[in-house]
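Structure assessment
So you can see what is in the structure, the chains are spelled out below.
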2 protein chains.
Amino acid sequence: MRALILAGGSGTRFWPLSRRDRPKQLLALDGERSLLQSTVDRLHPLIPASDIWVCTTERLADGVRAQLPEVPAEQVLCEPEGRNTAPAIGWSLQQMAGGGDLGGERDDIVAVLPADHRFANAGAFRDALAAAAEVSRQTDHVMTLGVQPRWAETGYGYLELGEPMSDAGGALELAQFREKPDAATAETYLNSGRHLWNAGIFVFGASTLLAFLRRFEPEIARGLDALRSPEAAEPSRAAEIYAGLPSISIDYAVMERLPEHRAISAVRLDAGWSDLGSWQALSEELPAGDDGNQVHGDVLTVDSDGNLLWADEGTIAVAGVSGLVVVRTGDAVLVVPKERSQDVKKIVEELKNRRRDDRL
Amino acid sequence: MRALILAGGSGTRFWPLSRRDRPKQLLALDGERSLLQSTVDRLHPLIPASDIWVCTTERLADGVRAQLPEVPAEQVLCEPEGRNTAPAIGWSLQQMAGGGDLGGERDDIVAVLPADHRFANAGAFRDALAAAAEVSRQTDHVMTLGVQPRWAETGYGYLELGEPMSDAGGALELAQFREKPDAATAETYLNSGRHLWNAGIFVFGASTLLAFLRRFEPEIARGLDALRSPEAAEPSRAAEIYAGLPSISIDYAVMERLPEHRAISAVRLDAGWSDLGSWQALSEELPAGDDGNQVHGDVLTVDSDGNLLWADEGTIAVAGVSGLVVVRTGDAVLVVPKERSQDVKKIVEELKNRRRDDRL
């Protein structure tokens, strides 16, 4: 099994800590290692660094290579530009095969992994990944790793399970993908016993996935074919072709169409997963200190608890506050209630509107 | 009339903006000019800069002189060390007389003024000061300027008024000083019609005040005499003598003893006074912007109102918060609810406990 880590995201949800040149996956949010580094660490020894590819962008490539000296530099792939996950995965699979024929036969199993998630239990994660790889080898199914819901989350997509697979202990066929639900629907999912959170982790035979991509998204396939043509040796021409690819996610382009073909199954993932999708989500993962606050860096509290206080540079001092996220960097500070931490996106939008490139 | 501005305070209530080397009086909190500069500006044309003395400390002297180029440098007096207002005023009056005899006859009227208060109406302030000087000249009373209470404040001392003075329109004899009251007492003061806030502003004949100081605090008088002796020409000896003076306020040492001698009166001050005693007090003086927040510097708000957001350096961004004070400097940030802004003192105490001189 080889790994393809998608590390091109420009996530804005951890502003002001995350920036264009320092997105979430490059940050150390839960320890000494960045989320990207932890993603690589976590695969060991199931997938050694020599079998890991990383798909990122030109802007981030130097940072990614610096953080991952154990991954061969040529396996850090730079998309000409970000075009969502379907083009990124198709193009990366092609690069991983040395630019070989998109439709040709290959026997490699690939795990596609986000670069910025957290797993409390790395061993359980590897076990699930190995199990998915085994089922994929036996059945040629595309496999997803689904997380048992712990609350009625409306911000995630769900996997609706169908029949157990006869010849694969633990894996279940996927009945369908479910979009982000409303609160009432999320509640029924939570209690149904047949819904899992979609963690965006897939394991598949490379040839199988590429064949589905060609079948469902011929425009992407034509573009990827063109990228293998001699004219695409010219970088500006390759960039032009890449820019013409439809911007579409792998879920929408391929995965959501597979249940009706009975070509996708799920393995349960019980490994303390979090997508760390917001400061609040991070707060749920971090231990609190003696004073009841989660702190990073130089922080001083008076009569305050339940806060996430993150001093990247300088000092944070609070008095008489609860339930806040306060983040201080060298040039900015954010103050937001934990439960409003999704609103960081609005702040970043406003910075974009004001053309504040110095703070993005 | 000459002015003596007391500018030695090391106020910590505006941390992290105020620091040891940049205390409140040197800060521009309500406009372009610092509170100290505004104090000098406000006296013009009643008291020209050539008749203004400033009492401060060695640590602050350069900053004070830089801010007040119009005040003769030798009239910026440096206390050997801070010993509270009774020694500071006695010593300054002595310096203002060229070191002349403490008990000798002088005909100068002196107004003692805090350096860090705010007056919305400078003209009304000067009128009250001029009226107090006139009554002092006629009666040789020590005069105070008392502020009509606008709410039942428990954090101020009060002046309790007695009989109107027969020969001075508007001035009233002072029956007694009242310590900071409890809430119920403050309520009765608010409605009594005979209580004013003590704003710490006094106008008196220099000889009169010095005579009272000698009478009530002979130990201070002896120290001040010693400071005029030849041995005190040696700075280290002068510092030693000064350090031995009792640390006592002018209110406690002199003013509170004057009512029983019928030697003190009050003039009403209705000039939009604020002592700017906290971030909350400042917030009550500043206008709010279109988004309902009071902002300084580079600030971005989303769904937030009623906040005081002060960016001295860098950017402040908030979302979904109300009633907070957020202050960002180059090395620190403070977050505190407005009504808890007195707790800044606790933060500064904690910084002292931790010997964080870099943040004090």
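Throughout, a residue's number is its position along its own chain's written sequence, starting from 1. Written order decides the labels, with chains lettered from A and ligands numbered from 1. Predicted model: local features are reported for residues with pLDDT of at least 70 only, side-chain atom pairs are reported and counted for 80 or more only, and whole-chain, interface and lining totals are derived from all residues.

1. Considerations on the overall build of chain A
The helix and strand labels rest on DSSP assignments: H or I over at least four residues marks a helix, E over at least two residues marks a strand, and numbering proceeds from the N terminus. For chain A, the count of helices and strands is 11 helices and 15 strands. In this setup the radius of gyration rests on C-alpha atoms only. A globule is expected at 2.2 Å times the number of residues raised to 0.38. On C-alpha atoms alone, chain A measures out to a radius of gyration of 21 Å, which is about the 21 Å that the 2.2 N^0.38 rule sets for 360 residues. Along the longest, intermediate and shortest principal axes, the C-alpha atoms of chain A span 65 × 50 × 40 Å. Between the buried cut of 20 or more and the exposed cut of 12 or fewer other C-beta atoms within 10 Å of a residue's own C-beta lies the partly exposed class, and all C-beta atoms are placed from the backbone. Sorting the 360 residues of chain A into buried and exposed places 48% on the buried side.

2. Brief notes about the environment of Ser229(A)
As for its placement among the helices and strands, Ser229(A) is situated in the loop between helix H7 (218–227) and helix H8 (235–243). For the pair Ser229(A) and Met96(A), spaced 133 residues apart in the sequence, the C-alpha separation amounts to 17 Å.

3. Here we look at the pairing of strand E1 (residues 2–6) of chain B
Residue and element names in this part refer to chain B. Buried residues dominate E1, accounting for 4 of its 5 residues. Pairing of E1 with strand E4 (residues 109–114) involves 5 bridges; the strand directions are parallel. Pairing of Leu4 across the sheet is with Val112, part of E4. If DSSP finds at least two bridges between two strands, the strands pair. The pairing of E1 with strand E2 (residues 52–57) spans 4 bridges and is classified as parallel. By the bridge assignment, Leu6 is partnered in E2 with Cys55. With helix H1 (residues 35–43) bridging E1 and the parallel E2, this β-α-β connection has right-handed handedness. Consider the strands pointing away from the viewer: the crossover is right-handed when the path from the first strand over the helix to the second runs clockwise.

4. Description of the relation of the copies chain A and chain B
The fit set for superposing copies consists of C-alpha atoms from residues with pLDDT of at least 70 in both; the fit itself is least squares. Taken as rigid bodies, chain A and chain B are interconverted by a rotation of 180 degrees and an axial shift of 0.1 Å, the fit giving an RMSD of 0.1 Å. Seen this way, the second copy is the image of the first under a two-fold rotation axis. Taken together, the interface assignments show that 100% of the residues at the interface of chain A recur at the interface of chain B, consistent with an identical surface on both copies. Throughout, a pair of residues is in contact if the C-beta atoms placed from their backbones lie within 7 Å.

5. Comments concerning the pairing of strand E10 (residues 264–269) of chain B
Residues and elements named next belong to chain B. The element E10 is extensively covered by neighbouring structure, given that 5 of its 6 residues are classed as buried. The pairing of strand E6 (residues 142–147) with E10 spans 6 bridges and is classified as parallel. Residue pairing for E10: Gly146 is matched across the bridge by Arg268.

6. With respect to the interface of chain A and chain B
Counting residues at the interface gives 29 residues for chain A, matched by 29 residues for chain B. At the level of secondary structure, the elements contributing two or more residues to the side of chain A that touches chain B comprise strand E12 (294–302), strand E13 (308–319), strand E14 (324–328), strand E15 (332–337) and helix H11 (344–353) of chain A. In terms of residue class, the side of chain A that touches chain B is built from 18 nonpolar, 3 polar and 8 charged. Of the strand pairs in this sheet, E15(A) and strand E13 (residues 308–319) of chain B are connected by 4 bridges, and their pairing is parallel. Each residue of the ladder has a partner; that of Val335(A), found in E13(B), is Val318(B). Residues are grouped as follows: Ala, Val, Leu, Ile, Met, Phe, Trp, Tyr, Cys and Pro are nonpolar; Asp, Glu, Lys and Arg are charged; every other residue, Gly included, is polar.

7. A closer look at the nonpolar core
Within soluble globular proteins, side chains that are nonpolar tend to cluster in buried spots. Counting residues in each nonpolar core, the largest one holds 228 residues, and the members touching the most others are Val54(A), Val335(A), Val54(B) and Val335(B). Residues within four places of Val335(B) in sequence aside, it is in contact with Val318(A), Val321(A), Leu324(A), Val326(A), Val335(A), Leu324(B) and Val326(B). In this description, a nonpolar core means buried residues of the types Ala, Val, Leu, Ile, Met, Phe, Trp, Tyr and Cys, linked to one another by C-beta atoms lying within 7 Å.

8. Describing helix H2 (residues 58–67) of chain A
Residues and elements named next belong to chain A. Taken residue by residue, H2 has Leu60, Val64 and Gln67 as its buried positions. Taken down its axis, H2 places every buried residue within 60 degrees of arc, on the same side. Along H2, exposed side chains directed more than 90 degrees from the buried face belong to Glu58 and Ala66. Buried-residue contacts for H2 involve helix H1 (35–43), strand E2 (52–57) and strand E3 (76–79). It is the directions from the helix axis to the C-beta atoms that the arc portrays.

9. Re the domain arrangement of chain A
Residue and element names in this part refer to chain A. Each domain of chain A was delimited in the assignment, giving domain 1 (2–274) and domain 2 (279–359). Computed from C-alpha atoms alone, the centre-to-centre distance between domain 1 and domain 2 is 30 Å. Contacts between the two partners involve 10 residues from domain 1, matched on the other side by 15 residues from domain 2. A breakdown of the residues in the side of domain 1 that touches domain 2 according to their chemical character gives 5 nonpolar, 2 polar and 3 charged. The split of the chain into domains comes from an automatic or database domain assignment.

10. Some thoughts on the confidence of the model for chain A
Scored between 0 and 100, pLDDT is the confidence that the predictor attaches to each residue. In this model, chain A carries a mean pLDDT of 94, and residues with pLDDT of at least 70 account for 96%. The ipTM for the predicted assembly is 0.90, set against a pTM of 0.91.

11. Structural notes on H1(A)
Residue and element names in this part refer to chain A. Most of H1 is tucked away, with 7 of its 9 residues classed as buried. All buried positions along H1 are accounted for by Leu35, Leu36, Ser38, Thr39, Val40, Arg42 and Leu43. Contacts from the buried residues of H1 go to strand E1 (2–6), E2, H2, strand E4 (109–114), strand E5 (118–119) and helix H4 (122–139).

12. Some remarks on the packing of H7(A) against H8(A)
Residues and elements named next belong to chain A. Between H7 and H8, the least distance of the axes is 9 Å, while the angle of their chain directions is 175 degrees. By the angle between their directions, the pair H7 and H8 is classed as roughly antiparallel. Contact residues: Gly223, Ala226 and Leu227 in H7; Ala238, Ile241 and Tyr242 in H8. In terms of residue class, the contact of H7 with H8 is built from 5 nonpolar, 1 polar and no charged. Axes here mean lines fitted to C-alpha atoms, for a helix over just the part in contact, with angles spanning 0 to 180 degrees between N-to-C directions. Small angles under 35 degrees read as roughly parallel and large ones over 145 as roughly antiparallel, with 65 to 115 read as roughly perpendicular and the rest as oblique.

13. A word on the environment of Val326(B)
Here Val326(B) lies in strand E14 (residues 324–328). In sequence terms Val326(B) and Leu26(B) are 300 residues apart; their C-alpha atoms lie 20 Å from each other. Excluding residues within four positions of it along the chain, Val326(B) makes contact with Val335(A), Asn307(B), Leu309(B), Ile316(B), Val318(B) and Val335(B).

14. Some points on unusual backbone geometry
At the junction of His44(A) and Pro45(A), the peptide bond is cis and its omega measures out at 5 degrees in the coordinates. Residue position: Pro45(A) is located in the loop between H1 and E2. Each neighbour pair has its own omega, and for Trp15(B) with Pro16(B) the value is 5 degrees, a cis peptide bond. Take Pro16(B): it is sitting in the loop between E1 and H1. Backbone geometry at Asp303(A) places phi at a positive 45 degrees, although glycine is not the residue there. In this structure, Asp303(A) sits in the loop between E12 and E13. On the neighbour-count criterion, Asp303(A) (14 C-beta atoms within 10 Å) is partly exposed.

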